[in-house]
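Residue-level structural notes
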Amino acid sequence: MRHDLSPSKNLALLIEAFRGTKGARDDHGRTIHSPISVQSGLAALQRRWPELRSSNQSTPIFIFSAGWRSGSTFLQRWVMTSDCVLLWGEPYSHNGVI
């Protein structure tokens, strides 16, 4: 089934494809204006669950990747071969608190 769109509708869809939806732009605006840092994320977790404490004094490992096809999945799997390391990779929207 073919749906013909008017030229103005086609233009509007093209512009939205480049700029994003209004909801996505609004969400992005809120996100970039909120103080997001590891410290603020940890403080939020501590406020929500003040009774949780860990005796673990291990140093965290942070791996930052430049993007797709950069070898990050291979590196994640290689690091995870150690029984003493847990690596949480590619959480996308699940890391909003941090």
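Residues numbered from 1 in each chain as written. Predicted model: local features only at pLDDT ≥ 70, side-chain atom pairs only at ≥ 80, totals over all residues. Heavy atoms only, no water.

Take the overall build of the protein chain next. What the protein chain contains, in helices and strands, is 4 helices and 0 strands. Counted from the first residue to the last, the protein chain has its helices and strands arranged as α-α-α-α. Counting every position in the protein chain, which comprises 98 residues, the buried fraction comes to 4%. (Helix = DSSP H or I, 4+ residues; strand = E, 2+ residues; numbered from the N terminus. Buried < 20%, exposed > 50% of the residue type's maximum accessible area, 1.4 Å probe, protein only.)

Once that is clear, we can look at a nonpolar patch on the surface. On the surface, Val-38, Leu-42, Leu-45, Trp-49 and Leu-52 cluster together into a nonpolar patch covering about 450 Å² of accessible area. Structurally, the position occupied by Trp-49 is in the loop between helix H3 (38-48) and helix H4 (72-79). (Patch = residues over 30% accessible without salt bridge, like charges linked within 9 Å, V, L, I, M, F, W, Y side chains within 5 Å. Areas by Shrake-Rupley, 256 points an atom, 1.4 Å probe, with all protein chains shown as cover. Salt bridge = Lys/Arg side-chain N within 4 Å of Asp/Glu carboxyl O.)

A word on the pattern of salt bridges. The tally for this structure, following the rule as stated, stands at 1 salt bridge. Asp-26 is paired through a salt bridge with Lys-22; the nearest N and O atoms lie 2.8 Å apart. Linking Asp-26 with Lys-22, this pair stays in helix H2 (residues 22-32), spanning 4 residues, or about one helical turn. You can call Asp-26 partly exposed: its relative accessible area is 34%.

For the protein chain, the average pLDDT comes to 77, and 83% of its residues sit at 70 or higher. Here H4 stands out as the element of the protein chain with the lowest mean pLDDT, 82, in contrast to helix H1 (residues 7-19), whose mean of 85 is the highest. (pLDDT = per-residue confidence, 0-100.)

Looking now at the environment of Ser-65. Note that Ser-65 resides in the loop between H3 and H4. Separated by 10 residues in the primary sequence, Ser-65 and Leu-75 place their C-alpha atoms 9.8 Å from one another. Among all residues touching Ser-65, those that are not within four sequence positions of it are Ser-70 and Ser-72. (Contact = heavy atoms within 4.5 Å.)

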